[in-house]
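Here is how the chains run, residue by residue.
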Amino acid sequence: MADETQAVDNAQDLAPAFSLQRVYLKDLSLEMPNAPHIFLEQETPTVEIALNVGGERLAETVFEASVRATVTTKINDKVLYLVEASQAGIFEIANIPEEQLDPLLGIVCPSMLFPYLRANIADAINRTSLPPLHLADVNFQALYKQNAAAQAQAAQAAEEQASKEEK
């Protein structure tokens with residue numbers, strides 16, 4: 001009977017575990033360098049959005065994942081507002097194969113954090129007296145694949161450059 005209990009405990013210790021422990025706003029910056037004069041402009045603003053994801057191990061089974069967005073809105077060449085925000089979360093990840101950690105931190109975790117980031121950015125912009133900007137949904141799997149392809153291409157270019165220098 002004791003052997004069965006120990007076997008069940010060992011199986012539970014080795015079972016994959018994934019849980020969100022905490023979500024927090026790591027950084028938020030809002031700039032309106034041309035206010036109040038920019039409010040007099042009548043043209044429609046253009047919006048540029050840059051998105052980055054990151055992740056790091058904090059302890060054996062504890063990881064931080066983050067999503068960072070930079071939103072630049074301009075009227076002609078003048079900045080209406082610039083918002084930079086980083087939403088982060090602490091995740092417990094245990095007994096997950098090492099090759100699955102990077103996709104987990106680059107796809108699943110950012111997908112969980114993004115709604116918080118979107119709400120914080122909309123709220124910050126709303127506090128400027130301007131209409132809030134609601135970021136569109138992001139396909140983090142496609143973004144992950146795009147970043148992986150870019151890294152592979154950069155590594156190949158560096159390798160080719162190194163082989164040319166050797167010759």
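Scroll up for the structure.
Residues numbered from 1 in each chain as written. Predicted model: local features only at pLDDT ≥ 70, side-chain atom pairs only at ≥ 80, totals over all residues. Heavy atoms only, no water.

1. Re helix α2 (residues 98-126)
In an α-helix, one turn spans 3.6 residues; hence positions three or four apart end up facing the same way.
Phase 1 of the analysis: Between the first and last C-alpha of α2 there are 42 Å, a value that for 29 residues agrees with the 42 Å anticipated at 1.5 Å per step.
Phase 2 of the analysis: A bend of about 45 degrees at Leu104 is the largest found in α2. (Helix = DSSP H or I, 4+ residues; strand = E, 2+ residues; numbered from the N terminus. Expected span 1.5 Å × (residues − 1). Bend = angle between axes of the 7 residues up to and from the residue.)

2. Details of the pattern of salt bridges
Phase 1 of the analysis: Overall, the coordinates contain six salt bridges when judged by the stated rule.
Phase 2 of the analysis: Across the pair Arg68 and Asp27 runs a salt bridge whose closest N-O atoms are separated by 3.4 Å. Taken together, the residues span a long stretch of sequence, with Arg68 in strand β3 (residues 62-75) and Asp27 in strand β1 (residues 17-31) at a distance of 41 residues.
Phase 3 of the analysis: Overall, Arg68 belongs to the partly exposed group, its relative accessible area being 28%.
Phase 4 of the analysis: The partner of Arg127 in a salt bridge is Asp123, with the nearest N and O atoms 3.0 Å apart.
Phase 5 of the analysis: Since its relative accessible area comes to 35%, Asp123 is described here as partly exposed. (Salt bridge = Lys/Arg side-chain N within 4 Å of Asp/Glu carboxyl O. Buried < 20%, exposed > 50% of the residue type's maximum accessible area, 1.4 Å probe, protein only.)

3. Considerations on helix α3 (residues 140-166)
Phase 1 of the analysis: With 27 residues, α3 extends 39 Å between its outermost C-alpha atoms, agreeing within 8% with the 39 Å of an ideal straight helix rising 1.5 Å per residue.
Phase 2 of the analysis: Its side-chain oxygen 3.1 Å from the backbone nitrogen of Gln141, Asn139 forms the N-cap of α3. (Polar contact = N/O pair within 3.5 Å; in protein donor to acceptor, adjacent residues only side chain to side chain.)

4. A few points about unusual backbone geometry
Phase 1 of the analysis: That bond from Ala35 to Pro36 is cis: its omega, 5 degrees, falls within 30 degrees of zero.
Phase 2 of the analysis: Positionally, Pro36 belongs in the loop between β1 and β2 (46-57).
Phase 3 of the analysis: The phi angle at Ser129 is positive, at roughly 80 degrees, despite the residue not being glycine.
Phase 4 of the analysis: Of note, Ser129 is situated in the loop between α2 and α3.

5. Some words on the environment of Glu43
Phase 1 of the analysis: Structurally, the position occupied by Glu43 is in the loop between β1 and β2.
Phase 2 of the analysis: Glu43 sits in the partly exposed class, given a relative accessible area of 40%.
Phase 3 of the analysis: With sequence-adjacent residues up to four places away left out, Glu43 is seen in contact with Ile75 and Asn76. (Contact = heavy atoms within 4.5 Å.)

Keep in mind that these numbers describe shape and distance, not what the molecule does.
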